[in-house]
Amino acid sequence: MSEPRRRMSGKERREQLIQISRTLFAEKGFDGTSVEEIAATANVSKPVVYEHFGGKEGVYAVVIDREMQKLLGMVTEALSASHSLIKLERAALALLAYVEENSEGFRILVRDSHAASGTGTFASLINDIASQVEDVMVDEFVERGYDPKLAPMYAQMLVGMVALTGQWWLDVRKPSREEVAAHLVNLAWNGLTGLDPRPRLTASSRGMEQRRAPLPPRPTEKELREMGKARERELKEQEKIREREQREAEKLAREQEKTRLREQRELEKTREREFREQERLYREQEKAREREFRELEKIRIREAKATEKETARQARFAERAGERQGKLEPTE
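Residues numbered from 1 in each chain as written. Predicted model: local features only at pLDDT ≥ 70, side-chain atom pairs only at ≥ 80, totals over all residues. Heavy atoms only, no water.

### As for the overall build of the protein
Our working definition: Where helices and strands are cited, they refer to DSSP runs of H or I of at least four residues and of E of at least two residues respectively, numbered from the N terminus. Each residue gets one of three labels from its accessible area relative to the maximum for its type: buried under 20%, exposed over 50%, partly exposed in between, using a 1.4 Å probe on protein chains only. Using a 1.4 Å probe, the Shrake-Rupley method yields the accessible areas, and only the shown protein chains count as cover for residues.
For the protein, the helix and strand inventory stands at 11 helices and zero strands. The N-to-C order of helical and strand elements in the protein reads α-α-α-α-α-α-α-α-α-α-α. By the burial criterion, 27% of the 332 residues in the protein qualify as buried. Entry remark: accessible area of the protein is about 24,300 Å², with carbon and sulfur atoms responsible for 53%.

See below:
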């Protein structure tokens, strides 16, 4: 005989509804998904969905909030690296990793946001990330002699470039995310021909009647060679930093895997101990119930015997009383 299906707890049912809704929202969007479909997929009635979330808008808000917090957390962690280049590389990898590992969530975020999501739109998420990148850009601009007031604009450019690339890569998935991240960083860090600290539109765009501003002097051959050597030294140093951090990351990953396996073994042992303890308690309860049943049976038997004796005693008493009555009656 098949065992009866275990009834879900409230927490388990809520998590099941969130995961089912997440898949449906990714496939069909908010408007294309109904409470009836969510309930039917979860094999529950509509009131169950309303009980947990108050309706489709409630579960959608929970899904959006989870995905935003997950992506924002991954990017924020990436921006905690020490070197700016490493921050950029890790942030690009974090976004692409989220796209690859949470495709359903990313599809939900980049869809046209519904009013139920409130401020939880992909645009607001990009602004949150850009605000963090802006702090990094300000430090870099000050160090390199650029105007730090331009940092917010450059942060939007940088984050927008990475985000749009992630949307494109969501469907194509080629090349690998590491290669895509490398190309992103190559463009963002090195630029097409080198970043100009004071970029200007061309004279033809500004109009012939506008006074032409003097261009900065062209660097000499010697200065170009020195700049090239400095860039090579910087790239080598960055490569060393990248290799060192990669080795540290691999070491940390191995240690984390060992810790995870150890914790898993401990958890299995704990569960086994709990199972054995539950079995022991169950056996003790069964024995207690048996003892109680035997005691009750003994009491019932004693009471039955006592009743039987009392009945017999009363019968004898009645018989003797009858006999005495018969002797006392006068004879005719």
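### Considerations on the pattern of salt bridges
Note the following rule: What counts as a salt bridge is simple: a side-chain nitrogen of Lys or Arg found within 4 Å of a carboxyl oxygen of Asp or Glu.
Within this structure, the stated rule accounts for 19 salt bridges. The salt bridge partner of glutamate 178 is arginine 177, with a shortest N-O separation of 3.7 Å. Assessed through its relative accessible area of 19%, arginine 177 is described here as buried. The salt bridge involving arginine 280 is made with glutamate 284; its shortest N-O contact spans 2.5 Å.

### Structural notes on the packing of aromatic side chains
Defined as follows: Each Phe, Tyr or Trp ring, with Trp reduced to its six-membered ring, pairs with another whose centre is within 6.5 Å; inter-plane angles below 30 degrees give stacked pairs, above 60 give edge-to-face pairs, and intermediate values give tilted ones. Distance and angle both matter: a charge sits over a ring if NZ of Lys or CZ of Arg is within 6 Å of the ring centre and within 35 degrees of the ring normal.
Tallied over the full model, the rule gives six aromatic pairs. Seen from their ring centres, tyrosine 98 and phenylalanine 106 are 6.2 Å apart, and the 70° between their planes marks the pair as edge-to-face. Each member of the pair, tyrosine 98 as well as phenylalanine 106, is classed as buried. Clustering of aromatic rings is evident, with ring pairs tying together Phe25, Phe30 and Tyr60. The ring of phenylalanine 30 has lysine 56 lying over it, and the distance from NZ or CZ to the ring centre is 4.2 Å. The lysine or arginine in question, arginine 173, covers the ring of tryptophan 169, its NZ or CZ lying 5.6 Å from the ring centre.

### Remarks on the packing of helix α4 (residues 56-78) against helix α7 (residues 122-144)
Applicable threshold: Each axis is a line fitted through C-alpha atoms, taken for helices only over the stretch in contact, and angles between the N-to-C directions span 0 to 180 degrees. By definition in this entry, angles of less than 35 degrees are roughly parallel, angles greater than 145 are roughly antiparallel, angles of 65 to 115 are roughly perpendicular, and the rest are oblique. By definition, any crossing whose near helix is turned counterclockwise from its far helix by less than a right angle is left-handed, and any crossing with a clockwise turn is right-handed. Note on contacts: a residue pair is in contact if any heavy atoms of the two residues lie within 4.5 Å. Classification used: nonpolar for Ala, Val, Leu, Ile, Met, Phe, Trp, Tyr, Cys and Pro, charged for Asp, Glu, Lys and Arg, polar for all others including Gly.
Contact geometry for α4 and α7: axes closest at 11 Å, N-to-C directions at 20°. Judged on the interaxial angle alone, α7 and α4 are roughly parallel. Crossing of α4 against α7: the hand is right-handed. Residues Met68, Leu71, Leu72, Val75 and Thr76 of α4 form the contact with α7, whose participating residues are Ser124, Leu125, Asp128, Ile129 and Gln132. Its residues assigned to classes, the contact of α4 with α7 comprises six nonpolar, three polar and one charged.

### Quick word on unusual backbone geometry
The residue after lysine 174, namely proline 175, is reached through a cis peptide bond having omega -5°. Within the element layout of this structure, proline 175 appears in the loop between α8 (151-172) and α9 (177-190). Backbone geometry at asparagine 43 places phi at a positive 60°, although glycine is not the residue there. Residue position: asparagine 43 is located in the loop between α2 (35-42) and α3 (46-53).

### Digging into the confidence of the model for the protein
Operational definition: What pLDDT reports is the predictor's confidence in each residue, on a scale of 0 through 100.
Averaged over all residues, the pLDDT of the protein equals 79, while 82% of them reach at least 70. No element of the protein has a lower mean pLDDT than helix α10 (residues 203-206), at 38, and none a higher one than α2, at 91. Note on residues 113-120: pLDDT is under 50 here. Beyond four places in sequence and across chains, it has 14 contacts. Contacts from residues 201-219, a stretch scored under 50 in pLDDT, to residues over four places away or in other chains number six contacts.

### Structural notes on helix α5 (residues 84-101)
The cut-off we apply is this: To estimate how far a helix should extend, the number of its residues minus one is multiplied by 1.5 Å.
In this model α5 runs 25 Å from its N-terminal to its C-terminal C-alpha over 18 residues, within 8% of the 26 Å that 1.5 Å per residue would give. When you tally the buried positions in α5, you get 14 out of 18 residues, the bulk of the element.

### A look at a nonpolar patch on the surface
We count it as follows: Patch membership needs two things, relative accessible area over 30% and no salt bridge, and members are linked within 9 Å if like-charged or within 5 Å if nonpolar (Val, Leu, Ile, Met, Phe, Trp, Tyr).
Side chains of Leu150, Met153 and Met157 sit close together on the surface and give an oily, nonpolar patch of about 260 Å² of accessible area. Among the secondary structure elements, methionine 157 is positioned in helix α8.

### Brief notes about the side chain of glutamate 89
Structurally, the position occupied by glutamate 89 is in helix α5. Residues contacting glutamate 89, with those up to four places away along its chain left out, are Val185 and Arg242.

### A word on the packing of α7 against α8
At a minimum axis distance of 7 Å, the contact between α7 and α8 shows a crossing angle of 130°. The angle between α7 and α8 falls in the class oblique. The handedness of the crossing between α7 and α8 is right-handed. Two secondary-structure elements touch here, α7 through Phe122, Ile126, Asn127, Ile129, Ala130, Val133, Glu134, Met137, Val138 and Phe141 and α8 through Ala151, Pro152, Tyr154, Ala155, Gln156, Leu158, Val159, Ala163 and Gln167. Of the residues in the contact of α7 with α8, the class split is 15 nonpolar, three polar and one charged.

### Thoughts on the environment of arginine 13
To keep it simple, the criterion reads: Polar contacts, as counted here, are pairs of nitrogen or oxygen atoms within 3.5 Å of one another; within protein the pair requires one atom able to donate a hydrogen and one able to accept it, and residues that are adjacent in sequence qualify only if both atoms are side-chain atoms.
Within the element layout of this structure, arginine 13 appears in helix α1 (residues 10-28). Each C-alpha atom, one on arginine 13 and one on alanine 42, is 8.8 Å from the other, the two residues being 29 residues apart in sequence. Sequence-distant contacts of arginine 13, defined by excluding residues within four places in its chain, comprise Met8, Ala42, Val44, Val48 and His52. Reaching out from arginine 13, the side chain makes a polar contact with the side chain of glutamine 16 at a distance of 2.6 Å.

### Let's talk about α4
Between the first and last C-alpha of α4 there are 34 Å, a value that for 23 residues agrees with the 33 Å anticipated at 1.5 Å per step. The set of residues buried in α4 consists of Lys56, Val59, Tyr60, Val63, Ile64, Glu67, Met68, Leu71, Leu72, Val75 and Ala78. Summarising the contacts, the buried residues of α4 are in contact with α1, α2, α3, α5, α6 (103-110) and α7.

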